Amino acid sequence: MTTAPTPVPAPASAAQSGGGAPGPAATTPATADATTAKATDTTDTADTTATTAKSTETAKTARAPRPGKPRAGRGRAWLAALPLLLFFLVGFGLPAVAIAIGAFTTSPDAPDGGGTFTTDNLTGSLQGAYWTALWGSVKLSLLTALIATVVGLPLAQAVATSRFRVFREAVLSASGVLANFGGVPLAFMFVATLGNAGEVTKKFGLTSHGWNLYTFTGLSVVYLYFLVPLMVITITPALEGLRTQWREAAYNNGATVVQYWRHVALPVLVPSLLGGFVLLFGASFAAYATAEAMVGSSVPLISMQIGDALSGNVLVGQGNLALALGLDMIVVACLVMAVYLPLQRRSAKWLA
């Protein structure tokens, strides 16, 4: 009995070259090993990616605070701010509530014995001489704040760009002192120098040229003495926040100094400038001691009217009129702060 030989499969190339139907390609051991290795590498890569994603998700979950369990640092932050909150409540909150209550009630010297609800105090504070005084304070504050803003900006720019550290520190220190220098000493200094018998007035004959310190104009000059330094220390941080790259990019593109300030610097500084203007307005609006010591009642101001009312210089039954005038000032101050805070936040976004 004869055994037939086992057929050996021909290579795929040989089968195809013979003109017959192409058969399935033969798989060699090397090809099978490469395919298996590639599949193994793909599986390992997928496992590594999944492991990395899982680790990242676990880390995010570990860092995220658990719901319902506030961070312990928040409680400590509130405890640290508690003294400031108590001071604000005692120093500002309680007096503001007392002023609001007194402005809408009759005074103790009224015929009904006082304590009765009324709007006469608030209505009277917006009429006659009181309205003139309120408008005078607003005009004085607007004028002096505007002049101080225009004058203080270039001075602050000179300080911010100065290469002399001693000069910069000296100007900022002096500005901090002069911004808080007011009251009777400031009034006496100007009376001794620019008053009717002042040294500068007599030396240059200012009286013959129509100069009078005890007027609206003279009081405006005195207010600028502490408003300009206040503007310098207010706007200097904003000027220092202007990045050097902005100026260099503008100059490299052919811009002049005027064009840089018009199209780059001033648009960025507008919120800070407006915020500084509002701050200066509030400082001028609330000033009392300097005007009282220098001009008295010759220049109508709301602060002078409040002082007269508190000293009893009002009609019988209108003792709480001073509280209504104070409430008017609080309303104006709140409006000023309502404008100042959003501007400050907007400027911080650009200059951070």
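Predicted, not measured: the structure shown is a model, and the values here were computed from it.

Enquirer: Tell me about the overall build of the chain, residues and numbers included.
Expert: The helix and strand tally for the chain stands at 14 helices and zero strands. The buried share of the chain, reckoned over its 352 residues, is 29%. Contacts in the chain between residues at least 24 apart in sequence constitute 69% of all its contacts with a sequence separation of at least 6. Per element, the accessible surface of the chain, about 22300 Å² overall, is 67% carbon and sulfur.

Enquirer: Lay out the pattern of salt bridges with the relevant residues and their values.
Expert: Should the charged atoms of two oppositely charged side chains come close, the side chains can pair. Applying the stated criterion to the full structure yields two salt bridges. Note that R165 is salt-bridged to E169, the shortest N-O span being 2.9 Å. With a gap of four residues between them, R165 and E169 both fall in helix α6 (residues 165-178), about one helical turn apart. Here E240 and R168 are joined by a salt bridge, their closest N and O atoms 1.8 Å apart. Taken together, the residues E240 in helix α9 (residues 216-240) and R168 in helix α6 connect sequence positions 72 residues apart. Relative accessible area serves as the criterion here: at 39%, E240 is assigned to the partly exposed category.

Enquirer: Give a description of the nonpolar core that names residues and reports values.
Expert: Grouped together as the largest cluster of nonpolar side chains are 53 residues, with contacts concentrated most on L219, Y223, I235, F285 and L301. Among the secondary structure elements, those contributing two or more residues to this core are α5 (128-160), α7 (184-194), α9, α11 (257-286), α12 (289-294), α13 (302-310) and α14 (321-351). For this core, the element with the highest residue contribution is α9, accounting for 13 residues. Once you skip the residues sitting within four places of it in the chain, I235 turns out to touch G152, L153, A156, S272 and L273.

Enquirer: Break down the packing of helix α10 (residues 244-252) against α11 for me, citing the residues and quoting the values.
Expert: For the pair α10 and α11, the least separation of the axes is 10 Å and the interaxial angle reads 145°. Regarding α10 and α11, the two cross each other, and that crossing is right-handed. Two secondary-structure elements touch here, α10 through W246, R247, A250 and Y251 and α11 through V257, Y260, V264 and V268. Broken down by class, the residue content of the contact of α10 with α11 amounts to seven nonpolar, no polar and one charged.

Enquirer: Talk me through the confidence of the model for the chain; I want residue IDs and the actual numbers.
Expert: Detailed conclusions should not be drawn from predicted coordinates in areas where pLDDT is low. When pLDDT is averaged along the chain, the result is 78, and 76% of the positions lie at 70 or above. Here residues 1-43 scores under 50 on pLDDT; set against residues more than four positions off or in separate chains, the count is four contacts. Contacts for the low-pLDDT stretch residues 58-62, under 50 throughout, to residues beyond four places or in other chains number zero contacts.

Enquirer: An account of the side chain of N121 is requested, with residue identities and associated values reported.
Expert: Locating N121 in the fold gives a position in helix α4 (residues 120-125). Side-chain polar atoms of N121 contact the backbone oxygen of T105, separated by 2.8 Å. Contact partners of N121, with chain neighbours within four places excluded, come to G102, A103, T105, N320, L321 and A324.

Enquirer: Kindly report on the packing of α7 against α9, identifying the contributing residues and their values.
Expert: Taken N-terminus to C-terminus, the directions of α7 and α9 make an angle of 125°; their axes are 11 Å apart at the nearest point. Relative to α9, α7 is oriented oblique. Along this stretch, α7 crosses α9, giving a crossing that reads as right-handed. For the pair formed by α7 and α9, the contact residues are L186, M189 and F190 on the first element and V221, V222, Y225 and F226 on the second.

Enquirer: Tell me about the packing of aromatic side chains, and name the residues and values.
Expert: What the rule picks out here adds up to nine aromatic pairs. Arranged with centres 6.3 Å apart and planes meeting at 80°, the rings of F87 and F92 form a pair that is edge-to-face. Taking the centre distance of 5.8 Å and the plane angle of 10° together, the rings of F281 and F285 count as stacked. Remark: F285 and F281 occur in helix α11; sequence separation between them is four residues, near one turn of the helix. Of the two residues examined, F281 and F285, each falls in the buried class.

Enquirer: Requested: an account of a nonpolar patch on the surface, with residues and values cited.
Expert: Taken together, the side chains of W78, L79, L82, L85, L86, L89, V90 and L94 make up a nonpolar region of the molecular surface, amounting to roughly 840 Å² of accessible area. Turning to its location among the elements, W78 is positioned in helix α3 (residues 72-103). Classification of W78 as exposed rests on a relative accessible area of 61%.

Each value, and the rule that gives it
- Residues numbered from 1 in each chain as written.
- Predicted model: local features only at pLDDT ≥ 70, side-chain atom pairs only at ≥ 80, totals over all residues.
- Heavy atoms only, no water.
- Helix = DSSP H or I, 4+ residues; strand = E, 2+ residues; numbered from the N terminus.
- Buried < 20%, exposed > 50% of the residue type's maximum accessible area, 1.4 Å probe, protein only.
- Contact = heavy atoms within 4.5 Å.
- Areas by Shrake-Rupley, 256 points an atom, 1.4 Å probe, with all protein chains shown as cover.
- Salt bridge = Lys/Arg side-chain N within 4 Å of Asp/Glu carboxyl O.
- Core = buried A, V, L, I, M, F, W, Y, C linked by side-chain atoms within 4.5 Å.
- Axes fitted to C-alpha atoms, helices over the stretch in contact; angles between N-to-C directions.
- Left-handed = near helix turned anticlockwise from the far one by under 90°.
- Nonpolar A, V, L, I, M, F, W, Y, C, P; charged D, E, K, R; others polar.
- pLDDT = per-residue confidence, 0-100.
- Polar contact = N/O pair within 3.5 Å; in protein donor to acceptor, adjacent residues only side chain to side chain.
- Parallel < 35°, antiparallel > 145°, perpendicular 65-115°, else oblique.
- Phe/Tyr/Trp six-rings, centres within 6.5 Å; stacked < 30°, edge-to-face > 60°.
- Patch = residues over 30% accessible without salt bridge, like charges linked within 9 Å, V, L, I, M, F, W, Y side chains within 5 Å.

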